[in-house]
Amino acid sequence: MKGIITILMLILSNTFMTFAWYGHLKFKELRWFENLGLISIVLISWGIAFFEYIFQVPANRIGFKENGGPFSLVELKVLQEVITLVVFMAFTFLFFKNESIRANHIIGFGFLVLAVYFIFKK
């Protein structure tokens, strides 16, 4: 159960982080954000990223083997990176419809899946 909780919390944390890092690129399309300066955008992004930490830190504590979880530190990191890319791809498809996914992107993603396989292989 700790593994599932960890993964769900990592998905939530990465959703917030993706919005903090890339969501502001769509702010200019929103009337009330169109005239904000860079400092304002950074502060808003930090505010969003705060919620990433609310999920990321507990996810790592719950999931880490030395705290009774199922994952080693390396496994946690690889999980987090793959989840980040999955969340990013979903975000891109939903909010940046002008972006395209090419064959080399899919091949690279396949290699990341292989990385997960090899990291978790006993």
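Residues numbered from 1 in each chain as written. Predicted model: local features only at pLDDT ≥ 70, side-chain atom pairs only at ≥ 80, totals over all residues. Heavy atoms only, no water.

Looking at an unreviewed UniProt entry, one finds the chain named DMT family protein, with Shivajiella indica as its source organism.

## Let's talk about the overall build of the chain
Put simply, the rule reads: The helix count covers DSSP runs of H or I at least four residues long, the strand count covers runs of E at least two residues long, and both are numbered beginning at the N terminus. Contact definition: two residues touch when any of their heavy atoms are within 4.5 Å.
If you tally the helices and strands in the chain, you get four helices and zero strands. Of the regular secondary structure in the chain, the N- to C-terminal order runs α-α-α-α. The C-alpha extent of the chain, read off along each of the three principal axes, is 50 × 35 × 20 Å. Pairs at least 24 residues apart make up 73% of the contacts formed inside the chain by residues separated by at least 6 positions.

## Some points on the packing of helix α3 (residues 73–95) against helix α4 (residues 103–120)
Definition in use: For helices, the fitted axis covers only the stretch in contact; all axes are lines through C-alpha atoms, and the angles between them, taken along N-to-C directions, range from 0 to 180 degrees. Angle categories: roughly parallel below 35 degrees, roughly antiparallel above 145, roughly perpendicular from 65 to 115, and oblique for all the rest. For a crossing to be left-handed, the near helix must be turned anticlockwise from the far one by less than a right angle; the clockwise case is right-handed. Classification used: nonpolar for Ala, Val, Leu, Ile, Met, Phe, Trp, Tyr, Cys and Pro, charged for Asp, Glu, Lys and Arg, polar for all others including Gly.
Contact geometry for α3 and α4: axes closest at 10 Å, N-to-C directions at 160°. Relative to α4, the element α3 lies roughly antiparallel. The way α3 lies across α4 gives a crossing that is left-handed. When α3 is examined against α4, the residues V74, E75, V78, L79, V82, L85 and V86 are found in contact with a partner set consisting of F109, L112, V116, I119 and F120. Considering only residue class, the contact of α3 with α4 consists of 11 nonpolar, no polar and one charged.

## Concerning the packing of helix α1 (residues 2–22) against helix α2 (residues 38–63)
Packing of α1 against α2 leaves a shortest axis separation of 8 Å and a crossing angle of 165°. Accordingly, the angle class assigned to the pair α1 and α2 is roughly antiparallel. As α1 packs across α2, the resulting crossing turns out to be left-handed. By residue class, the composition of the contact of α1 with α2 is 16 nonpolar, seven polar and two charged.

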